[in-house]
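Each chain is listed here by its residues.
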Amino acid sequence: MFQTVTEGLQSVYMKKLLPLEQTYLFHDFHSPALEPADFNNKPMVLLVGQYSTGKTTFIRYLLEQDFPGMRIGPEPTTDSFIAVMHGETEGIIPGNALVVDPNKPFRKLNCFGNAFLNRFVCSQMPNQVLQSISVIDTPGILSGEKQRISRGYDFAQVLQWFGERVDRIILLFDAHKLDISDEFSEAIRSFRGQDDKILVVLNKADQVDTQQLMRVYGALMWSLGKVLNTPEVARVYLGSFWSKPLQNTENRKLFEAEAQDLFKDIQSLPRNAALRKLNDLIKRARLAKVHAYIISHLKKEMPAMFGKDSKKKELISKLPEIYTTLQREHHISPGDFPPVVRMQEQLQHYDFSKFPPMKPKLIESVDKMLATRIAELMTLIREEESTVPERMVSGGAFQGSQEGPFGHGYGEGVGEGADTEDWIVARDKPKYDEVFYSLSPINGRISGANAKKELLSSKLPNSVLGKIWKLSDCDRDGMLDDEEFALAQHLIKIKLEGFELPNELPAHLLPPAHRKH
């Protein structure tokens, strides 16, 4: 048995999956082999977007600190991939040195050559946020031929490499830059199969008023619908992710709620990191199995002596039919197969007769891994979660959004009046008393039946009214006095304003006459 999930994932990969990948040239066709650093690294967040959409500013906003190599401006400034990571001292590690460091998960990036490595750096600094996550800043995506010609490396391929290894992919849009260029479309398509990692952020949303924001949001959803081939609507977070004053404050509450949701998602990454790595390993194993079936099938179809070239051309052109045959033979879902066109292009460069034949033992080993070892690791993940203290991203912008009077939801809903000496319900009590005395109280109390008629006029469902009754009947006598009735009306008001009710009544809402009990 394994001591930790990380150790288990690494062992399972090295012993079961890696032999299958090496035999059937998986690393040449799809993705380089995984290394120990890929299993041990912190969760990573990849930021992708067109130039000047606020990617670098977003990182600066999260960290609340400048990082080495940072440049911000309205023109295309970030021309490199920058991995912002934790380090004891501030500094920059250039790409060529980075890919030989066994402790960093970037060793396999050397396959993209010097043109890429000269544009790849690691920015290290001591920062509390970076103790839990690392952030990858990318060059702003340009429109036009410049993107393809001037980079000197395959931009989409590099994004795909990162997409397979990061925990979150954040696509940033600017309220004034909604067009998705061909290059941006290609970049988004390179994340095929990673849909569960993608978040969309509409930045600089304070620069437009509410009416314009509705139009901008609709236009963005329409544009995304053409690029993200999923039946579900992508979740879009609206906001202004920098520390400058808001230009339009009418949507302030919306922006605060959206930022809080986004922060919660990023904060949960360390807790879900092991599960994400396990999920990615299963995805990889399924693709490796399918790849083995394709390669061995092509080998089987090749003639022993003559006509190899013509047969190769025929097999490449018939690849969609081969996919269908393999789906039927091995009961594989069509979604597990690699893209046909790309596979056809790659197969042009190989001699099919040198491909390895089918080796059932390797496939059986991976099947056994998926059936038993993965279940063991799932159990181990749950055990680790229950014993290890909850890991959350803290520091930077995450700290300011949680505590004090500027924390999200402070002084609203149930929290209203928490820091005042007076009972908050007393403000509206004269209005509630009029209704209370119209219900003919006996000895200063009204029965449940009388209260029910009045409370039902709120049109809230019985399940909610039942909870309000339970919270309001402080002495549990099945009746309400004037203070308890006022409290019930106050809780109804809170619910109708869209806030959640507490499971237990907070001390500041307890009616004064009942506090001594």
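Residues numbered from 1 in each chain as written. Predicted model: local features only at pLDDT ≥ 70, side-chain atom pairs only at ≥ 80, totals over all residues. Heavy atoms only, no water.

## Some words on the overall build of the protein
Thought 1: Counting secondary structure elements, the protein contains 21 helices and ten strands.
Thought 2: In terms of principal-axis extent, the alpha carbons of the protein reach across some 105 × 50 × 45 Å.
Thought 3: Every one of the 517 residues in the protein was classed for burial, and the buried ones make up 49%.
Thought 4: Within the protein, contacts between residues separated by at least 24 positions form 78% of all contacts whose residues are at least 6 apart in sequence. (Helix = DSSP H or I, 4+ residues; strand = E, 2+ residues; numbered from the N terminus. Buried < 20%, exposed > 50% of the residue type's maximum accessible area, 1.4 Å probe, protein only. Contact = heavy atoms within 4.5 Å.)

## Notes on helix α10 (residues 210–227)
Thought 1: A rise of 1.5 Å per residue sets the reference length of α10, with its 18 residues, at 26 Å; its end C-alpha atoms lie 26 Å apart and thus fit the reference within 8%.
Thought 2: Along α10, the residues classified as buried are Leu213, Val216, Leu220, Met221, Ser223, Leu224 and Val227. Down the axis, α10 shows its buried residues gathered within 165 degrees of arc, on one side only. Exposed residues lying more than 90 degrees from the buried face of α10 are Gln211, Met214, Arg215, Trp222, Gly225 and Lys226.
Thought 3: Turning to α10, the residues buried within the fold contact β6 (168–174), α9 (182–189), β7 (198–203), β8 (236–238) and α11 (252–267). (Expected span 1.5 Å × (residues − 1). Arc of directions from axis to C-beta.)

## Overview of the packing of aromatic side chains
Thought 1: By the definition in use, this model includes 22 aromatic pairs.
Thought 2: Measuring from ring centre to ring centre gives 5.4 Å for Phe116 and Phe120, while their planes differ by 20 degrees; the resulting arrangement is stacked. Accessibility assignment for this pair places Phe116 and Phe120 in one class, buried.
Thought 3: Through pairs of rings, three or more aromatic residues link up here, namely Phe81, Phe106, Phe112, Phe116, Phe120, Tyr153, Phe155, Trp161 and Phe162. (Phe/Tyr/Trp six-rings, centres within 6.5 Å; stacked < 30°, edge-to-face > 60°.)

## A short note on the packing of helix α12 (residues 269–301) against helix α16 (residues 360–387)
Thought 1: Between α12 and α16, whose axes approach to 11 Å, the crossing angle comes to 175 degrees. By the criterion of interaxial angle, the relationship of α12 to α16 is roughly antiparallel. Of α16, the residues touching α12 (which contributes Arg271, Ala274, Leu275, Leu278, Ile282, Ala285, Lys289, Ala292 and Tyr293) are Ile363, Val366, Asp367, Met369, Leu370, Ile374, Leu377, Met378, Ile381 and Glu385.
Thought 2: Broken down by class, the residue content of the contact of α12 with α16 amounts to 15 nonpolar, no polar and four charged. (Axes fitted to C-alpha atoms, helices over the stretch in contact; angles between N-to-C directions. Parallel < 35°, antiparallel > 145°, perpendicular 65-115°, else oblique. Nonpolar A, V, L, I, M, F, W, Y, C, P; charged D, E, K, R; others polar.)

## Comments concerning the pattern of salt bridges
Opposite charge on two side chains permits them to pair, given that their charged atoms come into close proximity.
Thought 1: Across all of its chains, the model carries 27 salt bridges by this definition.
Thought 2: Across the pair Glu21 and Arg284 runs a salt bridge, and its minimum N-O distance is 2.7 Å. Remark: Arg284 occurs in helix α12 and Glu21 occurs in helix α1 (residues 5–23); sequence separation between them is 263 residues. Taken individually, Glu21 and Arg284 each receive the classification buried, so the pair is uniform in this respect.
Thought 3: We note a salt bridge from Lys104 to Asp101, for which the minimum N-O separation is 3.9 Å. (Salt bridge = Lys/Arg side-chain N within 4 Å of Asp/Glu carboxyl O.)

## Structural notes on the pairing of strand β2 (residues 81–86)
The side chains of a regular strand alternate, residue by residue, between the two faces of the sheet.
Thought 1: The buried fraction of β2 is high, at six of six residues.
Thought 2: In β2, alternate side chains face the same way, and those of Phe81, Ala83 and Met85 on one face and Ile82, Val84 and His86 on the other are all buried.
Thought 3: Direction of pairing for β2 relative to strand β4 (residues 120–125): parallel, over a ladder of six bridges. Paired with Val84 across the bridge in β4 is Ser123.
Thought 4: Pairing analysis gives three bridges linking β2 to strand β5 (residues 134–137), with the strands arranged antiparallel. (Pairing = 2+ DSSP bridges.)

## As for the UniProt feature "domain: EF-hand" (unreviewed entry) in the protein
Thought 1: The residues that UniProt annotates with the feature "domain: EF-hand" (unreviewed entry) are residues 460–495.
Thought 2: A distance of 9 Å separates the end C-alpha atoms of residues 460–495, which is 69% helix and 8% strand. (UniProt positions renumbered as here; feature names shortened; annotations may be inferred.)

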